[in-house]
Structure formats: C-alpha cells, structure tokens
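Inside the fold
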Amino acid sequence: MAVAFEVTDGEQGEWAVLHVSGEMDLVTSPVLRQRVHEAVADGRRSLVLDLSAVVFCDSSGVGVLVATRRLMRSFQGRLRLILPADGHAGGGPSEGAHVNRVLAALGVRRLFDVHPDVLSAVAPDADDEAGPLSA
C-alpha cells in the first residue's frame, strides 16, 4: 500500500522547518525540491528538514537532500536534518530510520548536520555542519 507523501511548513524562530512524511521517490522528490526552493526564495537561510516520518527514500530523494545542502551552502545558509536512529523506545525500527540507513550506506550521511528532533536542531548551541565544503 502506498504511503501518502506530504510536506508541511513550520517555523522555529529563525528556522524554517519542512516536515516531510511518506515516501521520497522519483515521483515525490520534486515536490520537496520545489518547497526548498520556495523557502530559499522567501529569504530563508536556516532550514530544517524533518525526515522522521519518511518511510522510504530512493536515490532521487537522496539527490534532493544533497542538492538542498549545496543550495543552502551557496547562500551561506544552514541545513539540519531530523533523522531518528535505527530503533526507538519500543525497540523496533522507527519511521525515518530508513533515510538514516540509506544515507549511511551511500556514505553521504557525514555530509549532513543530523539531529534527533526539531528542538535540538534549532537550539542556539547546536553544531553547524562540519562536512566538507566541496560536497
């Protein structure tokens, strides 16, 4: 059964927060790309992508994440991802853990500033991205 894809806007202080749910694939990834571009066009330079409710991500979804990172860096902006670990309090895999595993398997997770939840991502003392500038 297909899971509905949705991107909803939020805001936490200076941070624009896009909550993403469902499957990030060839069909849905352009929607996220467009929403990111809209946020940047609106002058947002601090962006959180909450991927904790994403249940599937293919290479096109990863491509959007890498392109978003590049875009934010081109504007001297900041990008933080919300990605849960492989397990949650119940012991089983949580939604969003799939994206974490995909990024790790492709060797690109290290490029992103990853946080467990929105509050930690927007905290004033949260580390800025430490990944290589050329990626």
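Residues numbered from 1 in each chain as written. Predicted model: local features only at pLDDT ≥ 70, side-chain atom pairs only at ≥ 80, totals over all residues. Heavy atoms only, no water.

The condition is simple: UniProt positions are given in the numbering used here, feature names are shortened, and annotations may be inferred rather than shown by experiment.
As annotated in an unreviewed UniProt entry, the protein is Anti-sigma factor antagonist from Streptomyces akebiae. Turning to the protein, the UniProt record has this under Sequence similarities (unreviewed entry): "Belongs to the anti-sigma-factor antagonist family."

**Things to note about helix α3 (residues 97-105)**
Under the convention used in this document: Throughout this description, buried means an accessible area under 20% of the type-specific maximum (1.4 Å probe, protein chains only), exposed means over 50%, and partly exposed covers the range between. The numbering of helices and of strands both runs from the N terminus, where a helix is a DSSP run of H or I of at least 4 residues and a strand a run of E of at least 2. Note on contacts: a residue pair qualifies if any of its non-hydrogen atoms lie within 4.5 Å across the two residues.
Along α3, the residues that are buried comprise A97, H98, V99, N100, V102 and L103. As for α3, its buried residues are in contact with β3 (46-57), α2 (59-74) and β4 (78-82).

**Brief notes about α2**
Going by this rule: Here the expected span of a helix is defined as 1.5 Å times the quantity of residues minus one.
Over its 16 residues, α2 extends 22 Å from the first C-alpha to the last, a length consistent with the 22 Å expected when each residue adds 1.5 Å. Buried within α2 we find S60, G61, V62, V64, L65, V66, T68, R69, L71, M72 and R73. Next to the buried residues of α2 lie β2 (15-24), α1 (29-41), β3, β4 and α3. One or two positions beyond α2, positive phi appears at Q76, with a value near 55°.

**Here's the deal with the pairing of β4**
To keep things clear, this is the line we draw: At least two DSSP bridges between two strands are required for those strands to pair.
For β4, the buried fraction is high: four of the five residues fall into the buried class. One ladder, built from five bridges, connects β3 with β4; its direction is parallel. Across the sheet, residue S46 finds its bridge partner in β4, namely R78. Here β4 runs beside strand β5 (residues 113-115); their pairing, made up of three bridges, is parallel. Bridged to I82 within β5 is H115.

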